[in-house]
Structures are given as C-alpha cells and as structure tokens.
Amino acid sequence: MAWPTAEVARMSGVTARTLRHYDEIGLLPPAWIGTNGHRYYEEGELLRLQQILVLRALGLGLPEIGKVLASQVDEVEALRGHHRRLLAERDRLDALAGTVARTITELEHSRRDGRPMTINRPENLFEGIQPAQYQETLRDFPELAGAIDRHTATMSDAEIEAGQRERTARMIRLAELMAAGTPADAEPVQAEIDAQYRVLAELRAVSAEEYRALGRACVDNEPWRAAYESIAPGLAAYQRDAIAAYVTTRLS
C-alpha cells in the first residue's frame, strides 16, 4: 500500500514542504513518483519517517539523523535504542514539569502577597530545559532549519552549549524587560530582537515575512511556546509582538 504526500502529511503532522525537503537532502526519498509527479510513500518510508521524527524530538539535527539512519543494521535494535532515548526524555520532561510547577507556585505566592512579578535566576529554574530543542519550531521552515543544522554540525560540544546558554540568556533578558512593563516596540526590546535577527542572518538570508512568521511561531507552535512560557507567562506573545514591531520598523 502506498500513500501520497498529502496523506502522509496528514497522518504525521509534517508539512508537505518538509517532506519535499527531506527528499531533496536524501533523508527520506519516496518509494516512487507517479506519472503525475506526485510522491508516494510505502510502509518502509513511514517507518523511516517515524524514526526521523523521534530523533528530531530528541534534539538531533538532520545531518546527525542521516548518520544514525545510515548506520542502522537492524530495525528492531534501532527502535530499542530510540525507546531508551525516549525513556530518558520522559525523565527529562518530568523534571521540566516539576520546574514549571515550582515556578507557578512562586508566581502565585508573589501575586497573593501583592509583590511585583520577578524573574528567578537559580539554576533549577531551567532544570529539564534544553534550548537546542526549541529548534523544533523550525519544522515549517526547512531551509532555515537546514542552514542551522549545517552550522551546528561544524561546532564543538562546548560551542553548542555556549550557544544554548546565550539563547537562554536572551530569553531571560526579554522576560525581565516584559516584567518591567517595557513595550514590545521600545528600543531595549528591539535591540534584543535585532541581535536575534543578526544571528539568523549570518546563517542565511531571512526575509521580512519569514521573520514575521517565525515570530508568530513563538505562540502558534506548542513546543516553542511552552519553552517561553516556562520562563515567564506571556513571554511567547511578547516575543511575537516584538518581532512584528521589528519587521515593521526595520525590515519593511
């Protein structure tokens, strides 16, 4: 049995655009292409797509996923390995849920006591959070995700960790500006957004509309929204609004 791209996209939640990208980079070619030019996928391709999505959810980049799949000899043993990683990820998510629960409690105490909201800085505020996984929101931007994957592949573990810490620091700085009541279009906020944009622009040209769409993804994409909200409630929408203002004033 074979399924067309549209059906595979519906079943998996992966966009047709992303499936085409996976084909173009050799990660997931279709089983065959019809005379009408449509791609068709069979059971083997669906199993491979499942593995790709599992590894993406575990934070692996596309180049690394390609290497993992190329080195597989036995599908059952490979799935056992994925299962072990998923159990470890479950433990991480349990830790993250505990972190968010503690933050909620602290914020509720703050509001009940009539104190202004503050951003906590202890390390356990970020227990279970892996900023590299925020890239999952780029699944609808495969070209940009590919550029980031290629760049990451050239970095050492120390450089990747430093980048993660800087991304988290930017999120904290935005949260502090939001907590202080700074408007999303104010200069301090726009300076932070400009720094974010320049990091992306160094990897690949990012159009005004693409950057605006990335801003909307901060709210519309559940994993990324949850990452922002775990730092401070309302931060996802604040980031979206700040990017929208940046696009209007500096990119349009």
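Here is what the cut-offs are and how they apply
Every chain begins its residue count from 1, and numbering advances along the sequence as written. The model is predicted, so local features are restricted to residues of pLDDT at least 70 and side-chain atom pairs to those at 80 or more, both for listing and for counting; the totals for chains, interfaces and linings are taken over all residues. Derived side-chain values reflect all non-hydrogen atoms in the structure, with water molecules and hydrogen atoms excluded from consideration. By the criteria applied, helices consist of DSSP H or I runs no shorter than four residues and strands consist of E runs no shorter than two, each listed in order from the N terminus. Categorising residues by exposure relies on relative accessible area from a 1.4 Å probe, with only protein chains included: less than 20% of the type maximum marks a residue as buried, more than 50% marks it as exposed, and the intermediate range marks it as partly exposed. For this analysis, residues touch if any pair of their heavy atoms sits within 4.5 Å. Accessible areas in this description were obtained via Shrake-Rupley with a 1.4 Å probe; residue shielding takes into account the shown protein chains only. In these notes, a set of buried Ala, Val, Leu, Ile, Met, Phe, Trp, Tyr and Cys residues joined through side-chain atoms within 4.5 Å is what counts as a nonpolar core. Positive charges are assigned to Lys and Arg, negative charges to Asp and Glu, while His and the chain termini are left out of the count. By convention in these notes, a salt bridge is any Lys or Arg side-chain nitrogen within 4 Å of a carboxyl oxygen on Asp or Glu. Axes here mean lines fitted to C-alpha atoms, for a helix over just the part in contact, with angles spanning 0 to 180 degrees between N-to-C directions. For classification purposes, an angle smaller than 35 degrees is called roughly parallel, one larger than 145 roughly antiparallel, one from 65 to 115 roughly perpendicular, and anything else oblique. For any helix crossing, the convention is left-handed if the near helix is rotated counterclockwise from the far helix by under a right angle, and right-handed if that rotation is clockwise. Here the nonpolar group is Ala, Val, Leu, Ile, Met, Phe, Trp, Tyr, Cys and Pro; Asp, Glu, Lys and Arg are the charged ones; every other residue, Gly included, is treated as polar. The score called pLDDT rates the predictor's confidence residue by residue, from a low of 0 to a high of 100. Expected helix span is taken as 1.5 Å per residue step, with the number of steps being one fewer than the number of residues. Strands were regarded as paired on the criterion that DSSP finds at least two bridges between them. Paired rings are identified among Phe, Tyr and Trp, the last through its six-membered ring, by centres lying within 6.5 Å, and are further divided according to the angle between planes into stacked (under 30 degrees), edge-to-face (over 60) and tilted (the rest).

### As for the overall build of the chain
Logical step 1: A count of helices and strands for the chain gives eleven helices and three strands.
Logical step 2: When the 252 residues of the chain are sorted by exposure, 41% land in the buried category.
Logical step 3: The long-range fraction of contacts in the chain, counting pairs at least 24 apart against all pairs at least 6 apart in sequence, stands at 64%.
Logical step 4: Entry remark: accessible area of the chain is about 13,600 Å², with carbon and sulfur atoms responsible for 54%.

### A few points about the nonpolar core
Logical step 1: Core analysis: the largest hydrophobic core is formed by 31 residues, its most contacted members being Ile193, Tyr211, Leu235 and Tyr238.
Logical step 2: If you list the elements that add at least two residues to this core, you get helix 6 (142–153), helix 7 (157–179), helix 8 (187–203), helix 9 (208–220), helix 10 (222–229) and helix 11 (235–251).
Logical step 3: If one sorts the elements of this core by residue count, helix 11 sits on top with seven residues.
Logical step 4: Setting aside residues up to four positions removed in sequence, Tyr238 forms contacts with Leu174, Leu177, Met178, Thr182, Pro183, Ala184 and Val189.
Logical step 5: Counting residues in each nonpolar core, the second largest holds 17 residues, with Trp3, Tyr22, Tyr41 and Ile52 among its members.

### Regarding the side chain of Glu45
Logical step 1: Tracing the chain through its elements places Glu45 in helix 3 (residues 43–57).
Logical step 2: At 7.7 Å, Arg48 is the nearest oppositely charged side chain to Glu45, a buried residue that forms no salt bridge.
Logical step 3: Ignoring anything within four residues of it in the chain, the contact list for Glu45 reads Leu28, Pro29, Pro30 and Ala31.

### Observations concerning the packing of helix 3 against helix 4 (residues 62–71)
Logical step 1: Between helix 3 and helix 4, the shortest axis-to-axis distance is 10 Å and the interhelical angle comes to 130 degrees. Relative to helix 4, the element helix 3 lies oblique. Seen along the crossing, helix 3 lies across helix 4 with a hand that is right-handed. On helix 4, the residues touching Arg48, Gln51, Ile52, Leu55 and Arg56 of helix 3 are Leu62, Ile65, Val68 and Leu69.
Logical step 2: Residue composition of the contact of helix 3 with helix 4, grouped by class: six nonpolar, one polar and two charged.

### Side note on the confidence of the model for the chain
Logical step 1: Mean pLDDT for the chain: 79, with 78% of residues reaching 70 or above.
Logical step 2: When pLDDT is averaged over each element of the chain, helix 11 comes out on top at 94 and helix 5 (residues 75–112) at the bottom at 68.
Logical step 3: Here residues 119–134 scores under 50 on pLDDT; set against residues more than four positions off or in separate chains, the count is 42 contacts.

### Observations regarding the pattern of salt bridges
Logical step 1: For the coordinates displayed, the defined rule picks out ten salt bridges.
Logical step 2: Linking Glu210 and Arg204 is a salt bridge whose minimum nitrogen-to-oxygen distance equals 3.0 Å.
Logical step 3: With a closest N to O distance of 3.0 Å, Asp241 and Arg240 form a salt bridge.
Logical step 4: Note on Arg240: relative accessible area 30%, which makes it partly exposed.

### Thoughts on helix 3
Logical step 1: Between its terminal C-alpha atoms helix 3 stretches 21 Å, which fits the 21 Å expected from 15 residues at 1.5 Å a residue.
Logical step 2: Of all the positions in helix 3, only Glu45, Leu49, Gln51, Ile52, Val54, Leu55 and Arg56 are classed as buried.

### Quick word on the sheet that holds strand 3 (residues 39–41)
Logical step 1: If you walk across this open sheet you meet the three strands as 1-3-2, and the pairing is antiparallel. Pairing within the sheet leaves two strands with one partner each, and these edge strands are strand 1 (3–4) and strand 2 (32–33).
Logical step 2: Looking at chain direction, strand 2 and strand 3 are connected through two bridges and run antiparallel. Its bridge partner lying in strand 3, Trp32 is registered against Tyr40.

### Comments concerning the packing of aromatic side chains
Logical step 1: Scanning the model with the defined rule gives four aromatic pairs in all.
Logical step 2: Relative to Tyr40, the ring of Trp32 lies with its centre 4.4 Å away and its plane at 15 degrees, an arrangement referred to as stacked.
Logical step 3: Ring centres of Tyr197 and Tyr246 lie 5.6 Å apart, and the angle between their planes is 45 degrees; on these two criteria the pair is classed as tilted. Linking Tyr197 in helix 8 with Tyr246 in helix 11, this pair joins segments that are 49 residues apart in sequence.
Logical step 4: A relative accessible area of 14% means that Tyr197 is categorised as buried.
Logical step 5: Its relative accessible area of 3% is what places Tyr246 among the buried residues.
Logical step 6: Pairwise contacts between aromatic rings join Tyr197, Tyr211 and Tyr246 into one cluster.

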